[in-house]
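Here's the letter readout for the chains.
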Amino acid sequence: MLEELEQYAKEYKIPIMQKDGIDFLTAFIEEHNIKNVLEIGTAIGYSAIKMALVSKDVKVTTIERDETRYNEALKNVSKFALDNQINLIFGDALDINITGEYDLIFIDAAKAQSIKFFNKYTPLLRSKGYVITDNLSFHGLVNSDQEMSRNLRQLVRKISEYIDFLKNNNDYKTTFYDIGDGISVSEKVD
Ligand code: SAM
């Protein structure tokens, strides 16, 4: 069934996590005994489903602003009978407000907005919790001197700014991994 989701994503050009990245994320959840995850950027629910399948104790709250993708995610979560583990929220993560306490925040939404997502949602992180961010290499374009359009250059600059923001943030210890499309793990220091 997961292959069907991967196929759907390919067909409709929906960016879901790459295999190496999703394997890293699910192994991380298992190793660190993560129970409550907040995901920004559901798409069709692929990564939320993979995370929930790690263990029945894993609960995922996930936010998506695109209605078609959100509806697709609803269908997929039901197909996997994971409705009691995955809470799907339709809305723009920068506009809505949620509550709760999370062991892990997974940021995988609009890449230019990562600092905003980080600042808005890390108050919901438990002490010694983690923030994982995907696509920090952005298909190899970050730190490359490849020619690109103005919009793409701006996006790549925003991702570089986010990387600097993480490096300079003394409240978190961040490790960068050259896995999938580039992943960071930021551990809350206190
Ligand atoms: N995590 C998903 C997976 O691996 O299966 C992929 C998520 S995809 C890379 C990013 C998603 O974030 C898109 O579906 C996009 O519509 C959504 N998104 C972007 N900005 C958002 C925002 N401000 N609030 C909510 N969703 C957002």
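Values in this document were obtained by computation on a predicted structure and should not be read as measured data. (Residues numbered from 1 in each chain as written. Predicted model: local features only at pLDDT ≥ 70, side-chain atom pairs only at ≥ 80, totals over all residues. Heavy atoms only, no water.)

### Let's talk about the packing of aromatic side chains
For step 1, the next point in the chain: If you walk through the whole model with that rule in mind, you get nine aromatic pairs.
For step 2, the next point in the chain: Ring plane angle 35° and centroid distance 4.5 Å describe the contact between Y8 and Y12, whose orientation is recorded as tilted.
For step 3, the next point in the chain: By relative accessible area, which is 49% here, Y12 ends up partly exposed.
For step 4, the next point in the chain: Both rings, one in Y162 and one in F165, keep their centres 6.0 Å apart while their planes meet at 20°; by these two values the pair is stacked. Pair noted here: Y162 and F165 are both in helix α6 (residues 150-167), with a separation of three residues, about one helical turn.
For step 5, the next point in the chain: Pairwise contacts between aromatic rings join F24, F28, Y130 and Y177 into one cluster.
For step 6, the next point in the chain: Over the face of the ring belonging to F176 we find K167, whose NZ or CZ atom lies 5.9 Å from the ring centre. (Phe/Tyr/Trp six-rings, centres within 6.5 Å; stacked < 30°, edge-to-face > 60°. Buried < 20%, exposed > 50% of the residue type's maximum accessible area, 1.4 Å probe, protein only. Helix = DSSP H or I, 4+ residues; strand = E, 2+ residues; numbered from the N terminus. Lys NZ or Arg CZ within 6 Å of the ring centre and 35° of its normal.)

### Details of the sheet that holds strand β6 (residues 172-177)
For step 1, the next point in the chain: Spatially, the seven strands line up as an open sheet ordered β3-β2-β1-β4-β5-β7-β6, and their pairing is mixed. Two strands lie at the open edges of the sheet, namely β3 (86-90) and β6, each paired on one side alone. Across the sheet, the mean angle separating the axes of adjacent strands is 15° when strand polarity is ignored.
For step 2, the next point in the chain: Looking at chain direction, strand β4 (residues 102-107) and strand β5 (residues 125-133) are connected through five bridges and run parallel. Residue pairing for β5: Y102 is matched across the bridge by L125.
For step 3, the next point in the chain: Where helix α4 (residues 67-79) meets the sheet, its contacts fall on β2 (59-64) and β3, and the angle it forms with β3 comes to roughly 165°.
For step 4, the next point in the chain: α6 contacts β4, β5, β6 and β7 (183-188) of the sheet and is inclined by roughly 135° relative to β6. (Pairing = 2+ DSSP bridges. Axes fitted to C-alpha atoms, helices over the stretch in contact; angles between N-to-C directions. Contact = heavy atoms within 4.5 Å.)

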